[in-house]
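Breakdown of the fold
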Amino acid sequence: MFYREAGDFKTSYAADGQTFPIAFDRWRYMIVVAIGFLAIPLFITEYMANAVLIPFLIWSVIAIGLNILTGYCGQVSLGTGGFMAVGAYACYKFMTGLDVWYVSACEGGANLFFLCTGVATYSVLFELPEFNIAFSVLMGGLTTAAVGLLFGLPSLRIKGFYLAVATLAAQFFLVWLFNKWSWAYNYSASGQINAPTRELLGFEITGPTATAEVKYLFCLTILFLMAWLARNLTRGRLGRSWMAIRDMDIAAEIIGVNPLKAKLSAFAVSSFFVGVGGALFFSVYLGAVEVGEAFGIQKSFLALFMIIIGGLGSIFGSFAGAAFIVLMPVLLKNIMVGGFGWPTDIAAHFEFIILGGLIIFFLIVEPHGLAALWRTLKEKLRLWPFPH
Amino acid sequence: MSLDSSQTMTTPDGRTIGGVVMEMKHITLRFGGVVAIKDISFDIREGEIRAIIGPNGAGKSSMLNVINGFYHPQEGEVWFEGKRRKPMKPHEIAHQGIARTFQNIALFKGMTTLDNIMTGRFTRMKAPWWQQAIWAGPAEREEVANREVVEKIIDFLEIQAIRKTPVGRLPYGLQKRVELGRALGAEPRLLLLDEPMAGMNVEEKEDMSRFILDVNDEFGTTIALIEHDMGVVMDISDRVVVMDYGAKIGDGTPDEVRNNPAVIDAYLGVAHD
């Protein structure tokens, strides 16, 4: 009745190709964005921001990133946690002033400027100034894109489950690297990285005194931009080349898609998103990070679950999956502990059981995820109240 | 019928066939000890419909795969537009203007008809990725301009109604048609069709034949096709190459081929007493 394209005529191909071709959809989208940017910051609380909204926003960025690689380009990755760590540590280095060292004196060995075969004395070659947080997050993303490109190289030879195992190597290697490489955590004794207070336009974004509204708006703005980029990329020539490789790689090659370029660009773009997500995860959400704990293999699985439950090859599915995985436990906990007054330890067990059950339920109802469920609902709404 | 490479010829139905577009010279392709193609030479001329026929396992599809760059022959030369072709990857060959359809439909099943044909225009689009990312002026204009070309192809193939249907949901005959559309999207110099009528009923075959003739007639596209339906082949093609066990046993107009004793032997068998 209200959700119709009847009478909503398109007179140009640009209008027909837009993201929300149905007017009702367009309005709904604008209202959601307006509520997100204008209404929620007015009554956001510390608990809402830290337990619900900020993790949801950050995981959405990460899920979109993984969906570009796995959902759009068909390359399964289990290295998400490792790539998040790259984003976090790169962001940290740029926030605290990137320092590059060289060998100033080398006793009893050949001096190769960066490498000394004897006893070395190091000096700082240069130290960049401390960058503002937005730039640091961006650099976190770009660094991760470069690393992702490197770990994407095996995809040119191997596919499917075997590629998943190859990306697992990235996960373990990167976590190991950030555990051992003291330069990455600025030689701190604990091996942790801590986000110092950083401002953007006079507002504190990171650090212990940053307020919930500012952190929320910062993450929301980045998510908004990233989702817009992802949508544009996936509906254009590059996105079509990714989907072509996913659906039928031989036919893709025959129409001129270079598999090397398509796969590696998907790895780079996806890693950029995951890196930005990891940078936010560290700097805005957690504030202090120990790599094995924060970016372990379970984060890789979590991201994969999000896009499978949400829907592969769909931007909306990334949001839906992130919402499901992040919000559902909080909701269940609130119902069981707050509503029924159960002890928290019992509630925690039930939380796992119910969440697992719900995942199975949704996948049986619609194997293609919440996005497909949403599409079916929209199809039905277009005809409602008639069945056909 | 022997012509030199620049000479033109006129077909019985009055069309002019131009110079040589592609020439295969003494191609031999081996897989280990199996010889798939044995010393085959033939040419494809501007604006003609060239058929490659032969019993199963004769090496017809292998021949297309050589033209496409999936296989690299051990011996022989491939000449395209007057130049000897270096060994190339399939996607580089696509950029030279050779498009193709497959024997078993190889569409992008998760994408709509429109997106499939738009993907066919991959080699014709140039906007850099960062412009696509922000959907800036040139990228959007290019998208719209290419959409117009795609809409012409959709009109031509009469598939307007399934424009936004994911191709995985379409019936077989329509999928074949969309695949032809995707190949046409590249505006190819040479169009290769691998059994475009396999598994179709008579009406679908008639439609497909009509589309192939129209593509050749309206766009002047040079077509090389593999087909098993002799009726169709004899009706629509200008010249026919016949292969059997990897070797060429006949080459010429449909009438010449029809009366070639070696071809009759290969197809009908011969009494050995």
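One numbering rule holds for all chains: residues counted from 1, following each sequence as written. Labels are handed out in written order, letters beginning with A for the chains and numbers beginning with 1 for the ligands. Reporting of local features is limited, given that this is a predicted model, to residues whose pLDDT is at least 70; pairs of side-chain atoms are given and counted only at 80 or more, and all residues count toward the totals for whole chains, interfaces and linings. Working from all heavy atoms in the structure, the side-chain values ignore hydrogens and water.

**Details of the layout of surface pockets**
Grid points spaced at 1 Å over the protein atoms alone were grouped into cavities, where a 1.4 Å probe fits but cannot get out, and pockets, open sets with protein on both sides within 12 Å along at least five of seven lines, with lining residues defined by an atom within 4 Å of a point. Grid points are joined across faces, edges and corners, and a volume is the space filled by probe spheres set on the points. Estimated volume of the second largest pocket: approximately 1100 Å³. Residue lining of the second largest pocket: 43 residues in total, with Leu229, Leu233 and Phe272 of chain A together with Trp129 and Ala133 of chain B positioned closest to the centre. Contributing elements (two or more residues each) for the lining of the second largest pocket: helix H5 (133-152), helix H7 (212-235), helix H8 (237-247) and helix H10 (259-286) of chain A together with helix H2 (90-95) and helix H4 (129-133) of chain B. Every helix listed is a DSSP run of H or I at least four residues long, and every strand listed is a run of E at least two residues long, numbered separately from the N terminus. With 10 residues, the single largest contributor to the lining of the second largest pocket is H7 of chain A.

**Overview of a nonpolar patch on the surface**
Patch members must show over 30% relative accessible area and no salt bridge, and they are joined within 9 Å when carrying like charges or within 5 Å when they are nonpolar side chains of Val, Leu, Ile, Met, Phe, Trp or Tyr. Residue burial considers only the protein chains on display, and all accessible areas are found by Shrake-Rupley using a 1.4 Å probe. Put simply, a salt bridge is a Lys or Arg side-chain nitrogen that is within 4 Å of an Asp or Glu carboxyl oxygen. On the surface, Trp27, Tyr29, Met30, Ile31, Ile35, Phe224, Leu225 and Trp228 of chain A together with Trp129, Trp130 and Ile134 of chain B cluster together into a nonpolar patch covering about 1200 Å² of accessible area. Residue assignment for the nonpolar patch shows that the elements contributing at least two residues are helix H2 (23-43) and H7 of chain A together with H4 of chain B. Here the nonpolar patch takes 5 residues from H2 of chain A, the largest share from any one element. Structurally, Ile35 of chain A is set in helix H2.

**Some words on the domain arrangement of chain B**
Residues and elements named next belong to chain B. Where each domain begins and ends follows an automated or database-derived domain assignment. Assigned domains of chain B: these are domain 1 (1-97 + 188-273) and domain 2 (107-186). With 19 residues of domain 1 at the interface, the matching set in domain 2 holds 12 residues. Values labelled buried area give the accessible surface lost by two parts on being combined, using a 1.4 Å probe and summing over both. For the domain 1 and domain 2 pair, buried surface summed over both sides reaches about 1300 Å², with 75% attributable to carbon and sulfur atoms. Ranking the residues of domain 1 by area buried against domain 2 places His95, Pro188 and Phe211 at the top, with a combined share of 37%. Taken together, the connections running from domain 1 to domain 2 amount to 1 salt bridge. In this structure, Arg177 engages Asp207 in a salt bridge whose closest nitrogen and oxygen atoms are separated by 3.7 Å. Here a polar contact means two N or O atoms within 3.5 Å. Within protein one must be a hydrogen donor candidate and the other an acceptor candidate, and residues neighboring in sequence count only if both atoms are side-chain atoms. Linking domain 1 with domain 2 are 2 residue pairs in polar contact (both at pLDDT 80 or more), by the criterion used here. Within the residue set of the side of domain 1 that touches domain 2, elements represented by two or more residues are H2, strand S9 (190-194) and helix H7 (202-218). Take the side of domain 1 that touches domain 2: its biggest share by element is 7 residues, from H7. Class assignment for the residues of the side of domain 1 that touches domain 2 results in 11 nonpolar, 2 polar and 6 charged. The contact rule is simple, with two residues in contact once any of their heavy atoms fall within 4.5 Å. Only Asp, Glu, Lys and Arg are considered charged, only Ala, Val, Leu, Ile, Met, Phe, Trp, Tyr, Cys and Pro nonpolar, and every remaining residue, Gly among them, polar.

**Some remarks on the packing of helix H3 (residues 46-72) of chain A against H10 of chain A**
Residues and elements named next belong to chain A. Look at H3 against H10: their axes get within 6 Å of each other, and the N-to-C directions meet at 165°. By the criterion of interaxial angle, the relationship of H3 to H10 is roughly antiparallel. In terms of crossing hand, the pair formed by H3 and H10 is left-handed. In contact with Asn50, Ile54, Pro55, Ile58, Trp59, Val61, Ile62, Ile64, Gly65, Leu66, Ile68 and Leu69 of H3, H10 contributes Ala266, Phe267, Val269, Ser270, Phe273, Val274, Val276, Gly277, Gly278, Leu280, Phe281 and Tyr285. Partitioning the contact of H3 with H10 into residue classes produces 19 nonpolar, 5 polar and no charged. Only the contacting stretch of a helix is used when fitting its axis, a line to C-alpha atoms as for every element, and angles between N-to-C directions run 0 to 180 degrees. Convention used here: angles under 35 degrees read as roughly parallel, angles over 145 as roughly antiparallel, angles from 65 to 115 as roughly perpendicular, and any remaining angle as oblique. Handedness of a crossing is defined here by the sense of rotation of the near helix relative to the far one, left-handed for an anticlockwise turn of less than a right angle and right-handed for a clockwise turn.

**Focus: the nonpolar core**
To qualify as a nonpolar core, a set must consist of buried Ala, Val, Leu, Ile, Met, Phe, Trp, Tyr and Cys residues joined through side-chain atoms within 4.5 Å. Per-residue accessibility, obtained with a 1.4 Å probe over protein chains only, is compared with the maximum for each type, and a residue is labelled buried under 20%, exposed over 50%, and partly exposed between these values. Residues Trp59, Tyr89, Val137, Trp242, Leu280, Phe282 and Phe295 of chain A are the most contacted members of the largest nonpolar core, which totals 105 residues. Aside from chain neighbours lying at most four places away, what touches Trp59 of chain A is Met84, Phe281, Lys299, Leu302, Ala303, Met306, Ala322 and Val326 of chain A.

**Let's talk about the pattern of salt bridges**
Residues and elements named next belong to chain B. Applying the stated criterion across every chain yields a total of 23 salt bridges over all chains. Here Arg100 makes a salt bridge to Asp194, at a shortest N to O gap of 3.2 Å. Of this pair, Arg100 sits in strand S8 (residues 98-101) while Asp194 sits in strand S9, and the two are 94 residues apart along the sequence. Both residues of the pair, Arg100 and Asp194, count as buried. The closest approach of N and O atoms between Arg121 and Glu187, which form a salt bridge, is 2.9 Å. Pair noted here: Arg121 is in the loop between helix H3 (113-120) and H4 and Glu187 is in the loop between helix H6 (172-185) and S9, with a separation of 66 residues, a long-range link. On the basis of relative accessible area, Arg121 is assigned to the buried category, the value being 4%. A single network of salt bridges, built from pairs that share partners, joins Asp43, Arg45, Glu48, Arg50, Arg239, Lys248 and Asp251.

**Description of the side chain of Thr167 of chain A**
All names here are of chain A. On the secondary structure map, Thr167 appears in helix H6 (residues 160-180). When its relative accessible area of 3% is taken as the criterion, Thr167 is described as buried. Within the structure, Thr167 has its side chain in polar contact with the backbone oxygen of Ala164 (distance 2.7 Å). Once residues lying within four places of it in the same chain are set aside, the contact partners of Thr167 are Val76, Ser77, Leu78, Gly79 and Phe267.

**Focus: the environment of Thr11 of chain B**
Residues and elements named next belong to chain B. Tracing the chain through its elements places Thr11 in the loop between strand S1 (9-10) and strand S2 (16-17). Taking the C-alpha atoms as reference points, Thr11 and Arg239, separated by 228 residues in sequence, lie 9.6 Å from one another. For Thr11, the contacting residues outside a window of four places in its chain are Ile17 and Asp238.

**Brief notes about unusual backbone geometry**
Residue and element names in this part refer to chain B. The phi angle at Glu81 is positive, at roughly 50°, despite the residue not being glycine. As for its position among the elements, Glu81 is in the loop between strand S6 (75-80) and strand S7 (83-84). At Trp135, a position not held by glycine, the phi torsion is positive, near 50°. With respect to the element layout, Trp135 can be found in the loop between H4 and helix H5 (137-157). Trp135 gets classed as buried once you look at its relative accessible area, which sits at 15%.

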